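Spelled out, the chains give:
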Amino acid sequence: MIKKIKAGITVFPGSNCDADVYRVLNSVFGVSASFIWHKDEIKNLKEYDFIVIPGGFSYGDYLRSGALAARSPIMESVKDYSVKGGIVLGICNGFQILLEAGLLNGVMLANRSLKFECKDVYLKTLNTETPFTCAIKKGSVLKMPIAHHDGNYFATDSLISDLDEKKSVIFKYCDEKGEITASSNPNGSIRNIAGISNPAGNVMGLMPHPERSSEKILGSEDGGWIFKSIIKYIKEK
Amino acid sequence: MPNKEEKMVKKAFIKVTLKEEVLDPQGKAVLSVLKSSGYGNVKDVRVGKYIELDFNEDKSESSERRAIEEEAEEISEKVLSNPLIEEFSIEIK
């Protein structure tokens, strides 16, 4: 019997994409996904094949987006899990939490427009040699929705050089043809950055929502490539 | 036992502001409203956060005052601000 892939989805007060991720993983991709409450812990690396930190407004975005969730007990577990090589995907607020927890480098500022941006964007895949992109064809353009107020990624020049050197910039906002232009940048993010990984490549933060674009009925299935990649990576490992 | 009549040190007043080099879109929005409301004298606006920490113990001895200062400093650095984009100042009373 083939063993089912197991995923853990962290849940904080104010998470609101947890059920979407749960549905997509279980019903679309046949993963055995379950929720992890923010006061719980991950006991060992074998408990889950990967962890998803979903989007939402954890703790009402109080203090700074993701700041309070980043300091909750489960994040100590997630840190530990990632240091041991576990795969961690943070989506939207999950990306902000990973930044605040120090699992990824940089910071999110308010969108340049000061508005909550909710629309479809196009993403260029820059690195297809990660657990999150290994099933994607190099240079592919994916359509996914964004829904955030603080998605304006900022990092110092030296940090950007580090990201470039380690090929840690995974996704950039682009136009429909894959051109990375100023007008296709929805939030003012430095160098159009939409998704980055840690230097080891096992932790990724992504502002757009792949779980909202993994089924035809939702207008795009492109987000599914992220989950297909993770599954492929785990199976081939 | 600290003398209850002594001046008690138990509150930390913390201001968190964006670093000068970081763009403050909120400040820019307020500036533009001020300008259109006729306050042309205002050159720039920066918006920050103000936080009060109320400590459990009434600490009046100087060593304890220092302990509160150190704790407030640590809290400000590790939780209340993001050192990548923000700085803070603390006042203990």
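For clarity, every value in this text was computed on a predicted model and none was experimentally measured. (Residues numbered from 1 in each chain as written. Chains lettered and ligands numbered in written order. Predicted model: local features only at pLDDT ≥ 70, side-chain atom pairs only at ≥ 80, totals over all residues. Heavy atoms only, no water.)

1. Section: the interface of chain B and chain A
Taken together, the 14 residues of chain B in the interface contact eleven residues of chain A. In this assembly, chain B packs against chain A so that about 1000 Å² is buried in total across both faces, 70% of it on carbon and sulfur atoms. Arg64 of chain A is the salt-bridge partner of Glu86 of chain B, the closest N and O atoms lying 3.8 Å from each other. Applying the counting rule to chain B against chain A returns five residue pairs in polar contact (both at pLDDT 80 or more). Sorting the residues of the side of chain B that touches chain A by element identifies helix 1 (25–36), strand 2 (49–59) and helix 2 (62–80) of chain B as the ones contributing at least two each. For the side of chain B that touches chain A, the residue count by class is eight nonpolar, three polar and three charged. (Contact = heavy atoms within 4.5 Å. Buried area = accessible area lost by both parts, 1.4 Å probe. Salt bridge = Lys/Arg side-chain N within 4 Å of Asp/Glu carboxyl O. Polar contact = N/O pair within 3.5 Å; in protein donor to acceptor, adjacent residues only side chain to side chain. Helix = DSSP H or I, 4+ residues; strand = E, 2+ residues; numbered from the N terminus. Nonpolar A, V, L, I, M, F, W, Y, C, P; charged D, E, K, R; others polar.)

2. A short note on the confidence of the model for chain B
Close inspection of predicted coordinates is inappropriate for parts of the model with low pLDDT. All names here are of chain B. Mean pLDDT over chain B works out to 86, with 84% of the residues at or above the 70 mark. At the level of individual helices and strands, chain B shows its lowest average pLDDT in strand 2, which scores 83, and its highest in strand 3 (residues 86–92), which scores 95. Predicted as a complex, the structure gets a pTM of 0.90 and an ipTM equal to 0.75. (pLDDT = per-residue confidence, 0-100.)

3. So, the pairing of strand 4 (residues 87–91) of chain A
Residues and elements named next belong to chain A. For strand 4, the tally of buried residues reaches five of five residues, placing the bulk of the element in the interior. Side chains of strand 4 alternate between two faces, with Ile87, Leu89 and Ile91 and Val88 and Gly90 buried alike. Here strand 3 (residues 50–53) pairs with strand 4 via four bridges, running parallel. Across the sheet, Val52 pairs through a bridge with Leu89, a residue of strand 4. Read as a crossover between parallel neighbours, the route from strand 3 over helix 2 (residues 73–83) to strand 4 is right-handed. As defined by bridge partners, strand 4 adjoins strand 11 (residues 203–206) across four bridges and the pair is classed as parallel. (Buried < 20%, exposed > 50% of the residue type's maximum accessible area, 1.4 Å probe, protein only. Pairing = 2+ DSSP bridges. Right-handed = clockwise from strand over helix to strand, strands pointing away.)

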